[in-house]
Amino acid sequence: MYKASVVGVDDERTILEITVEEPRVREAVARAVRKVAGRVSIPGFRKGKAPRAVLERFVSREALYDEAIQAIVPEAYSAALRETGVKPLDDPEFDGLDDAELENGEPLVFKIKITASPHVKLGDYTAIKLDREQREITDEDVDQALEHMREARAEYVPSERSVVEAGDLVTADIEGYVDGELKESFSAHDLQVLVGSGQLIPGLDENIAGMNVNEPREFVVNLPETSEDGETVDREVTFKASVKDVKIKQVPDLDDDLAKDVGGVDTLQALRDKLMHSLRHRALDDAISDLSKRAVASLVTTSEVEIPKLLIERQVAEELRNLQGKLRDQGLEWEQYLSARGKSEDEIREQFRETAPGTVKTELVLEALAEKEGLTPTADEVSMAVFQMAYDAFGDDKDKLNKVVLDPGMRAVATEVLVNTKALQFLGRACDADPESAKCDQCASEAHDSEGEAQE
């Protein structure tokens, strides 16, 4: 019913020639006549019952043909993409439909132009063998992890000590005066401050440390500010501070109780063993991630692909949007950024244009690898990825979550992320010069024991 072939390339746009066989054309015209007739009121006839000759007095033949073509083209276009294997990057441009004659007993032949996703000639990734970092986890690493756990569960408890020390959590009243006038921007009451953490204006921490509880102290701090002529000058601020109470940090003991609380195991030694296993896996994951990135760089170098200008410009536009979004999040205006950099938007675009080919080529190579190795994510995997992204943004709002999970744009983004992730994971395994050392003996042993128990 449809035939298609690639007949040329014009300025990076692939030209497809599509043939629609005459029976399909005749059928489309007949349906168009019935459809249009059903919409038009013609005196003396019920809707849809007027002969075609009468119908054409009220509706032009061109309108009938347009109706038929609108029914033919989407089907023919989809069939052409399937037959040729061309993957479009933009909307098609049609040629040969404006003056098409649909009732001459001949097939309908027309052409389309599209920017096609380029063919990637992958390098031989099976020949890439890289050494993976072999990092040994030591008892000192476990000690540090344990200390982080203790610190995370630290509590600040009231202290009878009257002198403030660095590391104390204090409640303080602070008033700041400039030229004898109280400034609200430099003042706070019942302010909780972790002394020495750098939370306060430079100079305050040093003066609060060493203060006595309920003994006010007055001191002067010189704060730098920019004058009207752009010069940096010191502004003298007089602070009056009073500490109301002091709390000291109390960390849990390194014992079996801590092991039960944070690790769900009975003894401290069991917690140490669990941490050792976990840290080894983390180090292994980091090493595999590093190896996969090096493998990608090697594969990109040995792969061949002609990158369309369209993809370069899309990458530039995306980089620009990302930069502008980050600046907005930081409360900075785009024009302020350009002024501070001393560059125009076109110059920023040109900078992105220099790096865009490398970024685009990497993405194309990973996509080609994923397709060749069957790493395309399933619909369920895409749904889960979209759900996670939506949950991070909207929480458990079910209406929004359900809507976002079905959004084509979000699914496309999630699919791209999953493809890249799967391709990187594949290379991390396939390009490892010593894959045996990446296996965890403990996990293998536990899996074997579980299998044996299940068989029993």
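Residues numbered from 1 in each chain as written. Predicted model: local features only at pLDDT ≥ 70, side-chain atom pairs only at ≥ 80, totals over all residues. Heavy atoms only, no water.

Novice: Give a detailed account of the overall build of the protein, specifying residues and quantitative values.
Specialist: Summing up its helical and strand segments, the protein has 14 helices and nine strands in all. Its C-alpha atoms give the protein a radius of gyration of 35 Å, more than 25% over the compact-globule value 23 Å for 456 residues. A principal-axis box enclosing the C-alpha atoms of the protein has dimensions of 105 × 75 × 50 Å. Looking at the 456 residues of the protein, the share that counts as buried comes to 34%. Counted over contacts in the protein with a minimum sequence separation of 6, partners at least 24 positions apart contribute 66%. Accessible surface, the protein: about 28,300 Å² in total, of which carbon and sulfur atoms supply 48%. (Helix = DSSP H or I, 4+ residues; strand = E, 2+ residues; numbered from the N terminus. Rg over C-alpha atoms; globule rule 2.2 N^0.38 Å. Buried < 20%, exposed > 50% of the residue type's maximum accessible area, 1.4 Å probe, protein only. Contact = heavy atoms within 4.5 Å. Areas by Shrake-Rupley, 256 points an atom, 1.4 Å probe, with all protein chains shown as cover.)

Novice: A description of a nonpolar patch on the surface should follow, citing residues and the corresponding values.
Specialist: Together, M389, V413 and V417 give the surface a local cluster of nonpolar side chains, amounting to about 220 Å² of exposed area. Here V417 lies in helix α13 (residues 408-430). Overall, V417 belongs to the partly exposed group, its relative accessible area being 44%. (Patch = residues over 30% accessible without salt bridge, like charges linked within 9 Å, V, L, I, M, F, W, Y side chains within 5 Å. Salt bridge = Lys/Arg side-chain N within 4 Å of Asp/Glu carboxyl O.)

Novice: Any details on the packing of aromatic side chains? Residues and values, ideally.
Specialist: Geometry of an aromatic ring pair is reported as the spacing of the ring centres plus the angle between the planes. Tallied over the full model, the rule gives six aromatic pairs. A ring pair is formed by F94 and F110, whose centres lie 6.3 Å apart and whose planes are at 50°; its orientation type is tilted. Placement of F94 in strand β3 (residues 93-95) and of F110 in strand β4 (residues 108-114) is noted, with a sequence separation of 16 residues between them. Among the residues examined, F94 registers a relative accessible area of 36% and is labelled partly exposed. Just above the ring of Y177 sits the side chain of K240; from NZ or CZ to the centre is 4.8 Å. (Phe/Tyr/Trp six-rings, centres within 6.5 Å; stacked < 30°, edge-to-face > 60°. Lys NZ or Arg CZ within 6 Å of the ring centre and 35° of its normal.)

Novice: Account for the nonpolar core, naming residues and giving values.
Specialist: One recurring pattern in soluble globular proteins: nonpolar side chains tend to sit buried together. Counting residues in each nonpolar core, the largest one holds 38 residues, and the members touching the most others are V20, L102, L108 and F110. Of all the secondary-structure elements, those providing two or more residues to this core are β1 (2-10), β2 (13-20), α1 (22-37), α2 (52-58), α3 (61-84) and β4. Residue contacts for L102: discarding those within four places in its chain leaves V25, V29, Y65, A68, I69 and L108. (Core = buried A, V, L, I, M, F, W, Y, C linked by side-chain atoms within 4.5 Å.)

Novice: Could you give me a rundown of the sheet that holds β3, with the residues and numbers involved?
Specialist: Spatially, β1-β2-β4-β3 is the arrangement adopted by the four strands of the open sheet, whose pairing is antiparallel. Two strands in the sheet have a free side with no partner beyond their single neighbour: β1 and β3. Each adjacent strand pair in this sheet contributes to an overall mean axis angle of 25°, direction not counted. In this structure, β2 lies alongside β4, joined through seven bridges in antiparallel fashion. Bridge assignment links T19 to a residue of β4, and that residue is V109. Here α3 sits on the sheet in contact with β1, β2, β3 and β4, set at roughly 75° to β1. (Pairing = 2+ DSSP bridges. Axes fitted to C-alpha atoms, helices over the stretch in contact; angles between N-to-C directions.)

Novice: I'd like a rundown of the pairing of strand β7 (residues 181-194), residues and numbers included.
Specialist: Of the strand pairs in this sheet, strand β6 (residues 169-178) and β7 are connected by eight bridges, and their pairing is antiparallel. When the bridges of β7 are listed, V170 appears paired with V193. As consecutive antiparallel partners, β6 and β7 are separated by two residues, and within that stretch D179 has a phi angle of approximately 55°, a positive value.

Novice: Provide a residue-level description of the packing of helix α11 (residues 379-394) against α13, including the pertinent values.
Specialist: The relative placement of two packed helices is expressed as an angle between their axes plus a distance between the axes. Orientation of α11 relative to α13, taken along the N-to-C sense of each, is 110°, at an axis distance of 9 Å. It follows that α11 is roughly perpendicular to α13 by the angle criterion. Here A379, E381, V382, S383, A385, V386 and M389 of α11 lie close against α13, whose contacting residues are M410, R411, A414, T415, L418 and K422. For the contact of α11 with α13, the per-class residue count stands at eight nonpolar, two polar and three charged. (Parallel < 35°, antiparallel > 145°, perpendicular 65-115°, else oblique. Nonpolar A, V, L, I, M, F, W, Y, C, P; charged D, E, K, R; others polar.)

Novice: Break down the confidence of the model for the protein for me, citing the residues and quoting the values.
Specialist: Scored by pLDDT, the protein comes out at a mean of 89, with 95% of its residues at no less than 70. Of all the helices and strands in the protein, helix α14 (residues 441-455) carries the lowest mean pLDDT, 60, while helix α10 (residues 345-372) carries the highest, 95. (pLDDT = per-residue confidence, 0-100.)

Novice: Tell me about the environment of L169, and please be specific about residues and values.
Specialist: As for its placement among the helices and strands, L169 is situated in strand β6. With relative accessibility at 17%, the residue L169 sits in the buried group. If we skip the residues at most four places from it in the chain, L169 touches Y156, Q192, V193, L194, D245, V246 and K247.

Novice: Provide a residue-level description of unusual backbone geometry, including the pertinent values.
Specialist: A positive phi is found at E12, a non-glycine position, where the angle reads about 70°. Note that E12 resides in the loop between β1 and β2. Since its relative accessible area comes to 34%, E12 is described here as partly exposed. Despite not being glycine, N214 has its phi angle at roughly 60°, a positive value.

Novice: How would you sum up the pattern of salt bridges? Please name residues and give values.
Specialist: Tallying each qualifying case throughout the model produces 27 salt bridges. Here E371 makes a salt bridge to K87, at a shortest N to O gap of 3.0 Å. Residue E371 is found in helix α10, and its partner K87 is found in the loop between α3 and β3; the two are separated by 284 residues along the sequence. A relative accessible area of 44% means that K87 is categorised as partly exposed.

Novice: Could you give an account of the side chain of R272, naming the residues involved and the relevant values?
Specialist: Its place among the elements puts R272 in helix α7 (residues 268-302). Contact partners of R272, with chain neighbours within four places excluded, come to D139, V142, D143 and L146.

Novice: Can you break down the environment of L258 residue by residue, with the values?
Specialist: Its location among the elements puts L258 in helix α6 (residues 256-263). Classification of L258 by relative accessible area gives buried; the value is 3%. When the C-alpha atoms of L258 and V120 are compared, they prove to be 55 Å apart, with 138 residues separating the residues in sequence. Setting aside anything within four residues of it in sequence, one finds L258 in contact with R150, R153, P252, D253 and G263.

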